[in-house]
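As a plain string of letters, each chain reads:
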2 protein chains.
Amino acid sequence: MSLIVTGTIGIDSVYTPHGHAEKVLGGSCTYFAAAASFHAPVRIVAAAGGDLPQEHRDVFKKFPGIDTTGLEIRPSSQTFAWGGKYHANMNSRETLYTHLGVLAEEPPKVPAAYRDSKYVFLANSHPAVQLGLLEQVPDHRLAVADTMDLWINTARPELERLLRAVDGLVLNYDEAELLTGKTNTVAAARHILDLGPSFVVVKKGEHGCLFVHRSGRIGALPAYPAETVVDPTGAGDSFAGGMMGYIASRGETEVTFETIRAALAHGTVVASFTIESFSLDRLLKLTAPELHQRYQEFAEMVSV
Amino acid sequence: MSLIVTGTIGIDSVYTPHGHAEKVLGGSCTYFAAAASFHAPVRIVAAAGGDLPQEHRDVFKKFPGIDTTGLEIRPSSQTFAWGGKYHANMNSRETLYTHLGVLAEEPPKVPAAYRDSKYVFLANSHPAVQLGLLEQVPDHRLAVADTMDLWINTARPELERLLRAVDGLVLNYDEAELLTGKTNTVAAARHILDLGPSFVVVKKGEHGCLFVHRSGRIGALPAYPAETVVDPTGAGDSFAGGMMGYIASRGETEVTFETIRAALAHGTVVASFTIESFSLDRLLKLTAPELHQRYQEFAEMVSV
């Protein structure tokens, strides 16, 4: 079933203990779409500037499932650019610079051909922008949003409106605490259910994730125990892409607990490939059999 | 099959954001034995002083599976006493005081009636003491040890001898890093396999655990997503108790990957009860059907 993602295209410069990558392709929309495309076709809605190199634009074509109709190139604008540096244990990073570029302009529009999309993922952005994009997909069956501490602190009324409009929310554990004031992650996630969504996925990075479902049921998964971590950038967006790609591939009208649980495992596994290299290098080489094999391996690690 | 544990009996005073408990029963041997007894009979080897209140001694009798033949009461000695305070998020604690008491004396002896024990757990202690105890159980089939940063820093030669003598090691993730110099937990655990054990279990507290097995296979489990955390004291020892109790109940000559994986899930689940109250209060009320039900619930959370 048709999956749409709204998010960023970025030009990233990343320093990690394993090396660095200069002006490589990044952005939430990019990582999400690449990961999702292993499960379902995915339509992207994003803006970039005329400075986006041709080789970066060509990357999208290498994932046959990605539809770039909604990728707006604005010739006289700058692409969002981010520089970051990871510390020795890869669990914390500092931002070296952020150049908003097109992110400071009008958000991209959802093309007419995308308006019938059924599964929507709103990558992290100002919640008013996320809501505006969601309104352009009126017949959606399931909408899931990501958010971050910035909007929790500065745009709470808009965020609360967004939470009433979406079916699912994805956020980090510290953001769940910030949003609810509850230090216990399960209690925080349950509290967010009261704000609107039918399910809440709390990401804990290398410690995996947990989710709560309107039914009262809880799921929890470890991260894939990765031995090769070259660059964690894009892990969260890849995780969301794998999750939503799997959900869209199932095509359910009402997404069940079991489907979300399996979707999070698919997200976990594809993210474990993303972090094995800089940018999309590993996902570009990833084959369906490799993905399937690691999924089976992961299922054996955790299933009791 | 016969399971034996060597460890401490403690008198704990604990302060948490949920309240405090004064001079309650604690210690690694205590939590381990109570948790293990739900799966298999367990023999304890530990020493306490004449100051151990009768009501604390009576606690052991309330777990029908615990054999206290090896509990040495030394009338003129003091029981090990520990005071600790947990911070708001329950993830860190400070030690208020430690009175070694009998721990500074000769270690307890393994009674003759215990020498035929097949499954051995050496709770955290000086590795030379652990080795001395292990030698008193010559016909054991499987020995697993816990350790801590103190011994890694101050008794490495003895610890390395211990690692060559045991089949399994249980330790915290930061201790695995300290022992091996490797920041990646999986790499650290694999490195420890080279030091002797056939399997290594790395505990990550509220983030669950992972284990590596001589076969090369890896397992990972989240913690049970607990909403009620009154006092985390004893969680790690209960986890080990549930794990070893399950392994002993299986009675395998060669412990398989699948058995360890299930054993860690049993450890996870019984530990989730321990932390719901101070001391052994929750384990004292725990019924087999409750334990079974939460195990099923946990299996559903994680199995994909």
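Small disclaimer: the values here were computed from a predicted structure and weren't measured.

Chemist: What should I look at first to understand the environment of Gly7(A) in this one?
Modeler: Within the fold, Gly7(A) resides in the loop between β1 (3-6) and β2 (10-16). Look past the residues within four positions of Gly7(A) in its chain and what remains in contact with it is Ser28(A), Cys29(A), Val45(A), Ala46(A) and Ala123(A).

Chemist: In this structure, what is going on with the relation of the copies chain B and chain A? I would like to understand it.
Modeler: For the pair of chain copies, the relating operation is a rotation around an axis with a shift along it. Rotating chain B by 180° about the axis while translating it 0.0 Å along that axis superimposes it on chain A, leaving an RMSD of 0.0 Å. The transformation relating the two chain copies, once decomposed into turn and shift, fits a two-fold axis. In terms of C-alpha distance to the rotation axis, chain B has Ser303(B) as its closest residue, with the C-alpha 2.0 Å off the axis.

Chemist: So what exactly am I meant to see when it comes to the interface of chain B and chain A here?
Modeler: The figure often quoted for interface size is the accessible area lost as the parts come together. Facing the 30 residues of chain B at the interface are 30 residues of chain A. Put simply, chain B and chain A have 4 salt bridges between them. A salt bridge links Glu300(B) to Arg217(A), with the shortest nitrogen-to-oxygen separation between them at 2.6 Å. Here chain B and chain A share 14 residue pairs in polar contact (both at pLDDT 80 or more) between them. Residue assignment for the side of chain B that touches chain A shows that the elements contributing at least two residues are α7 (185-193), β13 (218-221), α9 (257-274) and α11 (288-302) of chain B. Looking at which element gives the most residues to the side of chain B that touches chain A, the answer is α11(B), with 5 residues.

Chemist: Any chance you could explain helix α7 (residues 185-193) of chain A here in plain terms?
Modeler: Every α-helical turn comprises 3.6 residues, leaving residues that sit three or four positions apart pointing alike. Residues and elements named next belong to chain A. By the burial criterion, the buried members of α7 are Thr185, Val186, Ala188, Ala189, Ile192 and Leu193. Buried residues of α7, viewed axially, fall in a sector of 160°; they line one side. Elements in contact with the buried residues of α7: β10 (168-172), α6 (173-180), β11 (199-203), β12 (209-213) and β13 (218-221). Backbone nitrogen of valine 186 and a side-chain oxygen of the N-cap are separated by 3.0 Å at the start of α7; the cap is asparagine 184.

Chemist: Whenever I open this one, the sheet that holds strand β11 (residues 199-203) of chain B confuses me. Can you help?
Modeler: Strand pairing in a sheet relies on backbone hydrogen bonds, with the paired strands running either antiparallel or parallel. Residues and elements named next belong to chain B. With mixed pairing, 9 strands are arranged side by side in an open sheet as β5-β4-β1-β8-β9-β10-β11-β12-β13. At either end of the open sheet lies a strand with only one pairing partner, and these are β5 (66-74) and β13. Across the sheet, the mean angle from the axis of one strand to that of its neighbour is 15°, orientation sign disregarded. Pairing of strand β8 (residues 119-122) with strand β9 (residues 142-146) involves 4 bridges; the strand directions are parallel.

Chemist: Sorry, what's going on with the pairing of β8(B) here?
Modeler: A regular strand carries its side chains on alternate faces of the sheet. Residue and element names in this part refer to chain B. Alternating positions in β8 separate into two faces, Tyr119 and Phe121 on one and Val120 and Leu122 on the other, with burial throughout. Direction of pairing for strand β1 (residues 3-6) relative to β8: parallel, over a ladder of 4 bridges. When the bridges of β8 are listed, leucine 3 appears paired with tyrosine 119. Taken together, β8, helix α3 (residues 127-134) and β9 constitute a β-α-β crossover, and its handedness is right-handed.

Chemist: Looking at this structure, I do not really get the side chain of Lys204(B). What am I missing?
Modeler: Residue position: Lys204(B) is located in the loop between β11 and β12 (209-213). Despite its burial, Lys204(B) pairs with no opposite charge, the nearest such side chain being Glu206(A) at 5.7 Å. Beyond its immediate stretch of four places on either side in the chain, Lys204(B) contacts Glu206(A), His207(A), Tyr173(B) and Cys209(B).

Chemist: What am I meant to see in the pattern of salt bridges here?
Modeler: Where charged atoms of side chains with opposite charge meet at close range, the side chains can pair. This model, assessed by the stated rule, comprises 26 salt bridges over all chains. Of the charged contacts in the structure, one is a salt bridge between Arg43(A) and Asp116(A), with a shortest N-O distance of 2.9 Å. Residue Arg43(A) is found in strand β4 (residues 42-49), and its partner Asp116(A) is found in the loop between β7 (93-99) and β8 (119-122); the two are separated by 73 residues along the sequence. Classification of Asp116(A) by relative accessible area gives partly exposed; the value is 40%. Ionic pairing is found between Arg282(B) and Glu276(B), a salt bridge with its closest N-O pair at 3.0 Å. A relative accessible area of 13% means that Arg282(B) is categorised as buried. Residues participating in the shared-partner salt-bridge network are Glu276(A), Arg282(A), Glu290(A) and Arg294(A).

Basis of the calculations
Residues numbered from 1 in each chain as written. Chains lettered and ligands numbered in written order. Predicted model: local features only at pLDDT ≥ 70, side-chain atom pairs only at ≥ 80, totals over all residues. Heavy atoms only, no water. Helix = DSSP H or I, 4+ residues; strand = E, 2+ residues; numbered from the N terminus. Contact = heavy atoms within 4.5 Å. Least-squares fit on C-alpha atoms with pLDDT ≥ 70 in both. Salt bridge = Lys/Arg side-chain N within 4 Å of Asp/Glu carboxyl O. Polar contact = N/O pair within 3.5 Å; in protein donor to acceptor, adjacent residues only side chain to side chain. Buried < 20%, exposed > 50% of the residue type's maximum accessible area, 1.4 Å probe, protein only. Arc of directions from axis to C-beta. Pairing = 2+ DSSP bridges. Axes fitted to C-alpha atoms, helices over the stretch in contact; angles between N-to-C directions. Right-handed = clockwise from strand over helix to strand, strands pointing away. Lys, Arg positive; Asp, Glu negative; His and termini not counted.

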